[in-house]
Amino acid sequence: MTENSEEIRTVKGKRKINIRKITTFVFISGLALVFGYTHYRYVSTLFENDRNFSHLSELEREMSFRTEMGFYYSYYKTVIEEKQFLAGIARLMYDKLIEYPKDVNALNRFNIAPEVMIAAMYRYLEPWLNTSSYKECHVVERGGDHSPVESCIGIGEPVYFYLEVIWVMAGFTVAVLFLQATVLSQSVLGGVFAVVQYFANHAESTRVQWAPNERENFAAPLLVAQTWLLSMQLRERNRNTVLQLQVSIFVINVLCLLFWQFTQFIFLTQTAIFFVMEQLRIIDVKSLSIFLHLHFCSLHTAILLLQGNDMLKSSLYASFFLVVSIYCLFFSSLRIKVQNRLDLYVESWLVMLRVSLVVLGSFYIKKLISESLQLEEDSHVWDILYSKFTDYKSFHTMLYTCSEVFDFLPLSSVGNMTSTLLIPAAAVASCVITCHWLSEATSKYTKDLGEVTKTTQNAKNEDDDSGIENNSDVVKKKDLDVMLKKIKAKVDTREAGAGGVVLYLRSLKIDPAIFYNLSQMAVYGVMAALVMRLKLLFSTQMCIFSSLIANRDYYPISRKYKNYLPFLYAVMVIPVIVQLRANIDKELANIGEFSDYPQEELLSWISREAGAGAFAGSMPIMSAVVLSTRRPVVAHPHYEHKHARQRAYSVYKLYGRFPPGEVYQELNKLRATYLIVEDKYCYGKSNRGCSFKSIWDIEAPHLASRPALCHTLLTQPVEHFYRVFRNAHYAVFRIHDFEVRYMPRSFDT
């Protein structure tokens, strides 16, 4: 009876524990869903307020997707407009519109996997979506001389379905951010604090509400999820759970590489951090090997799905991964067992040597691959970095650096993140964690040193007594365990005599999950400082890491004072809440309405009256031409390809001081029939020296005495260029490419 009652208590206890876990899981999951839904509604509202999107015609909505956004959306439109899905995929693989007259494999060259997936979902759900329940149309009066337009809303409309997926991804970002912060800090309060910081720094953390379908808006949510799963894997010891995490991380890695071309640089930093962690013995070789195996499968799967993407094959990420893998396979066992201070010095030098060899070997292999395959897809990236630290300037680097999103991180952003206490909170969390690790190491070191001293003294006493007591009872006591204890005591004594450095380092226990997140935050900070567009990664990671201040276990203070920490949290959150409300009010107050009648007039003319042939012009207007008129163009906004950059370089000579004959020859080589000239680029000025006239004066200073070609075209007749359209902002010229041939007359005899 006693045994049965004990078993019943055990079962009841297990049930209580399971109920507690389930309750905690439901509570945390519910909070994540609430935060995610709130952000989903928030960004969709901001987008609607900014453009009055629900009252725009289909053409106006397409025009509102500027530059790259229109370029990517055109592929979504291509897939959903084809009668058969496979026919749409075939058009993507043999795209003749984007670099006329070449066939371009868009699936290989561009990261349009999100558009393909969303289009596939829409086509599958279309029979249910094309009903009055999911789609509603109305007529909008535009006033003045402008004709009324029909506007349809609801997820049955293709553009609304497309945006709905983007808003869901934005909500997923905040939901996963909460889960990651909760897991990392082991505190729900930490997760809530991270979400509050995200909303308080919303303008610094995302721009999905202004540029919905930029690539980072698809990849960033998955990168946060990957960081969350990596943190769990670094802490997890259950073999079954680790396998599930590996499969999940593999899928996310593949999607990130498919969605955003910059993901390879982020994964490069991840691989470097894990390699450094292994060198510092924060993780073992097995953990590094598991990580590398995930990236091995992800990289090759992504290259396969991208049909051999050249930029990914020749990336520094692939080369670095290869070198680190070779190290793990053949050289990871060649490590010195640190037992004294000399071993520590030698191992420290070897760590620096291994890191240096891996870095140099990676650059060498990348150069070897690029030269053997004759690839220069990412050369502009290194040119941009080089131009940021030197006086080097070229047309391509200035085209990037003149854009605000590719400039250095402005001090205003640093000030905004400081006023919301995001940067101070992340700094305090870093200090608290570091102090916690050092404090724990000091306590353990002091304890171990005392045990070493005590063991050594006992060993000496036993050695002194061994000459006096020599009977069988004493011999029996000195078994194998005591002998091993003496040997360990002598080794520890030698280490303590060496200054205790080795013993202290052995006492230093660093949480690999926290160390990884801290290192990733530092790397993102460097990236954001160099390229402002990447501040969304930095600010989001700081939100996650700042959650650690909510964990009271990390504060190296007595339990008595830890009870007062909630009051400190309350005081600290007050200015964050004040700034949060101010920022939300500011964003919600942004009420606008999109309209661009000159561009609408241009696109309507092209659709109605322009003949056959390809168009040349600036990259933003080219994406609008492809999207709204389905006419071929010779250049496009996607710049991650050498030949695409060369095409853009030839077309943009229009805004330089080149002779008309030279530009005519360039456009003829590209088989362009029409040339679009924009007043804002021709007559635009910039205080930063970023007008096209200034850029070309730096690129081609020998032509500084000549007038700009676009000025000449807009003001006087020019041979080979015949104006066929003109409005307030745009002019279209037909390029005369007819040749007169004299054929000898033949006679029949």
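Residues numbered from 1 in each chain as written. Predicted model: local features only at pLDDT ≥ 70, side-chain atom pairs only at ≥ 80, totals over all residues. Heavy atoms only, no water.

Visitor: Please clarify how the state of the cysteines should be interpreted in this entry.
Guide: Disulfides are covalent bonds that connect the sulfur atoms of two cysteines. Scanning all chains against the criterion turns up 3 disulfides. There is a disulfide in this structure between C682 and C710, and the S-S distance comes to 2.1 Å. Across the disulfide from C682 to C710, rotation about the S-S bond amounts to roughly 95°, and the bridge is consequently right-handed. Of this pair, C682 sits in helix α32 (residues 679–683) while C710 sits in helix α34 (residues 709–715), and the two are 28 residues apart along the sequence. The two residues C682 and C710 agree in class, both being buried. Taken N- to C-terminal, the disulfide-bonded cysteines of the protein are connected 1-2, 3-5, 4-6. (Disulfide = S-S within 2.5 Å. Helix = DSSP H or I, 4+ residues; strand = E, 2+ residues; numbered from the N terminus. Buried < 20%, exposed > 50% of the residue type's maximum accessible area, 1.4 Å probe, protein only.)

Visitor: Sorry if this is basic, but what is going on with the nonpolar core here?
Guide: Within soluble globular proteins, side chains that are nonpolar tend to cluster in buried spots. In this structure, F615, L675 and I676 are the most contacted members of the largest nonpolar core, which totals 210 residues. Dropping the residues within four chain positions of it, L675 is found in contact with A616, L654, L667, L713, F721, A731, V732, F733 and I735. (Core = buried A, V, L, I, M, F, W, Y, C linked by side-chain atoms within 4.5 Å. Contact = heavy atoms within 4.5 Å.)

Visitor: Please clarify how helix α4 (residues 85–93) should be interpreted in this entry.
Guide: The α-helix winds at 3.6 residues per turn, so residues separated by three or four positions along the chain end up facing the same way. Buried within α4 we find G88, I89 and L92. Across the axial projection of α4, the buried residues extend over an arc of 100°, all falling on one side. If you follow the buried residues of α4, they end up packed against α3 (68–81), α5 (106–109) and α6 (113–129). (Arc of directions from axis to C-beta.)

Visitor: Help me out: how do you make sense of unusual backbone geometry in this one?
Guide: The bulk of non-glycine residues show a negative phi, and the bulk of peptide bonds are trans. Of the consecutive residues Y100 and P101, the connecting peptide bond is found in the cis state with omega at 0°. Inspection of the secondary structure assignment puts P101 in the loop between α4 and α5. Look at T67: it is not a glycine, yet its phi comes out positive at around 50°. If you trace the backbone, T67 turns up in the loop between α2 (58–64) and α3. Of note, Q186 is a non-glycine position whose phi angle comes to about 55°, a positive value. The residue Q186 is located in the loop between α7 (158–185) and α8 (188–200) in this model. Q186 sits in the exposed class, given a relative accessible area of 54%.

Visitor: Can you walk me through the packing of aromatic side chains in this structure?
Guide: Any pair of aromatic rings gets described here by the distance separating the centres and the angle formed by the planes. Scanning all chains against the criterion turns up 44 aromatic pairs. On the numbers, 5.7 Å between centres and 35° between planes, the contact of Y37 with Y40 is tilted. Of the two residues, Y37 and Y40 are both situated in helix α1 (residues 2–51); the distance of 3 residues between them amounts to about one turn of the helix. Look at Y40 and you get buried, because its relative accessible area is 16%. Grouping aromatic residues by their ring pairs yields a cluster made of F47, F53, F65, Y73, Y76, Y160, Y162 and W167. The ring of Y72 carries the charged tip of R215 above its face, separated from the ring centre by 3.7 Å. Between the NZ or CZ atom of K653 and the centre of the ring of F658, over which it lies, the distance is 5.1 Å. (Phe/Tyr/Trp six-rings, centres within 6.5 Å; stacked < 30°, edge-to-face > 60°. Lys NZ or Arg CZ within 6 Å of the ring centre and 35° of its normal.)

Visitor: So what exactly am I meant to see when it comes to helix α29 (residues 619–629) here?
Guide: With 10 of its 11 residues buried, α29 lies for the most part within the structure. In the segment just after α29, R630 is the residue with positive phi, at about 60°.

Visitor: So what exactly am I meant to see when it comes to empty space enclosed by the protein here?
Guide: Picture a little ball the size of a water molecule; that probe, rolled over the atoms, points out where space is still empty. Under the definition given, this model contains 2 cavities of 30 Å³ or more. Quantified by volume, the largest cavity comes out at close to 200 Å³. In this structure, the largest cavity is lined by 21 residues; those nearest its centre are T173, A220, P221, L536 and T540. Of all the secondary-structure elements, those providing two or more residues to the lining of the largest cavity are α7, α10 (215–235) and α25 (535–546). By residue number, the principal contributor to the lining of the largest cavity is α10, which donates 7 residues. Of the residues assigned to the lining of the largest cavity, the class counts are 11 nonpolar, 8 polar and 2 charged. (1 Å grid on protein atoms, 1.4 Å probe; cavity = no way out; pocket = protein on both sides within 12 Å on 5 of 7 lines; lining within 4 Å. Points joined across faces, edges and corners; volume = space filled by probe spheres on them. Nonpolar A, V, L, I, M, F, W, Y, C, P; charged D, E, K, R; others polar.)

Visitor: What is the right way to read the sheet that holds strand β4 (residues 672–678) from this model?
Guide: In a beta sheet, neighbouring strands are held together by backbone hydrogen bonds and run either parallel or antiparallel to one another. If you trace the 4 strands from one edge of the open sheet to the other, you get β3-β4-β6-β5, paired in mixed fashion. Edge positions in the sheet fall to β3 (614–616) and β5 (721–726), since each has one partner strand and no second. Strand-to-strand twist of the sheet, defined as the mean angle between neighbouring strand axes without regard to direction, takes the value 30°. Where β3 meets β4, 3 bridges bridge the pair, whose relative direction is parallel. Across the sheet, the residue bridging to F615 is Y674, located in β4. Contacts from helix α28 (residues 597–608) reach β3, β4, β5 and β6 (730–735) within the one sheet, and its direction differs from that of β6 by about 25°. Sitting on the sheet, helix α31 (residues 660–669) touches β3, β4, β5 and β6, and the angle it makes with β5 is about 80°. (Pairing = 2+ DSSP bridges. Axes fitted to C-alpha atoms, helices over the stretch in contact; angles between N-to-C directions.)

Visitor: What should I look at first to understand the side chain of S57 in this one?
Guide: The residue S57 is located in the loop between α1 and α2 in this model. Those residues in contact with S57 that sit more than four places away from it in its chain are V149 and E150.

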